[in-house]
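Residues per chain, in single letters:
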Amino acid sequence: MINYNLHTHTFRCKHATGDAVDFAKKAVAGGLTILGISDHTPLPDGRWSEIRMSMDQLDSYDAAVEEARAQYPELTILKGMECEWAPEFKNFYQDELLGKRGYDYLIGAGHYFKYLGTWFSSFTSLHLPKALNVYAKQLESMMATGLFNFIAHPDLFGCTFEKWDKNLQAASLDIINASLATNTPLEINANGYRRQDFSPGPSRKQPYPWEPFWEFAGSHNIKAIVGSDAHHPSELLTKLDLCETLAKKVGVKLLNPRDIIIF
């Protein structure tokens, strides 16, 4: 049984509800022993501000985590952020978040990829010619920095494609090889199971976690961690069991937070 969760979002990202203390309350009630708060990081240049907090909310975010720790001392609460990658953000992540503010961990995520000089959404645009390769290279670059403790939903390209094919396999192999080379786990993300529940329409192809990707990953002895990607406290524990079942089915080794974070 999964007794941790490292992937949660607070109201500050503009598409979630609840705060750190609300997630902590739910975690204790549900029997978790380790909880990570990992909202979408603000970015110094204000990029993609519609789905993340602003820089001036960082102090309140830090304070919210400290308040949750004070109210629930029986729970290990870690402070993190979910981060997009571009080289210009490296100093902010390294010096401000991990350095000055002492964050416990960072999650790497490829919600966007840069293609022909323009940033595109990975949820809708990976069908563009050669875009899959660009997406895979983006995740490779992210892992090569050593800044990120794991990579969120690496298989989100399932939202764009209907069938597994040789191009998906080639991109997946690049991601898997980078994970193995850098010892960066990949995340089996429960949010896709919930999205499948409430968004079964024609625009939703194969919500992550996409089984063909994880079967392929399992054949390469990949290591993974489970995350709920909760955007409301009620989602904190939902579908984690399905992620664990998938990992066992395909032979992916699941790690726990102490394997990847020093605390």
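This text gives an overview of the structure that appears in the document. Note that the structure is a prediction, hence the values are computed from the model and not measured. (Residues numbered from 1 in each chain as written. Predicted model: local features only at pLDDT ≥ 70, side-chain atom pairs only at ≥ 80, totals over all residues. Heavy atoms only, no water.)

Notes on the overall build of the protein
Then, in step 1: Summing up its helical and strand segments, the protein has nine helices and ten strands in all.
Then, in step 2: Over its C-alpha atoms the protein spans a radius of gyration of 17 Å, differing by no more than 12% from the 18 Å that the globule rule assigns to 263 residues.
Then, in step 3: Across its three principal axes, the protein shows a C-alpha extent of roughly 50 × 40 × 35 Å.
Then, in step 4: Counting every position in the protein, which comprises 263 residues, the buried fraction comes to 55%.
Then, in step 5: Taking contacts inside the protein between residues at least 6 apart in sequence as the whole, the part at least 24 apart equals 77%.
Then, in step 6: Carbon and sulfur atoms provide 51% of the accessible area of the protein, an area that totals close to 11000 Å².
Then, in step 7: Here the protein contributes 26 positively and 31 negatively charged side chains, and the mean placements of these two sets differ by 4 Å. (Helix = DSSP H or I, 4+ residues; strand = E, 2+ residues; numbered from the N terminus. Rg over C-alpha atoms; globule rule 2.2 N^0.38 Å. Buried < 20%, exposed > 50% of the residue type's maximum accessible area, 1.4 Å probe, protein only. Contact = heavy atoms within 4.5 Å. Areas by Shrake-Rupley, 256 points an atom, 1.4 Å probe, with all protein chains shown as cover. Lys, Arg positive; Asp, Glu negative; His and termini not counted. Charge placed at Lys NZ, Arg CZ, Asp CG, Glu CD.)

A short note on the nonpolar core
Then, in step 1: L6, M81, Y93, F157 and W214 are the most contacted members of the largest nonpolar core, which totals 88 residues.
Then, in step 2: The element that contributes the greatest number of residues to this core is helix α4 (residues 131–144), accounting for seven residues.
Then, in step 3: If sequence neighbours within four positions are ignored, Y93 has contacts with T41, L43, C83, E84, W85, L98, L106, L147 and F148. (Core = buried A, V, L, I, M, F, W, Y, C linked by side-chain atoms within 4.5 Å.)

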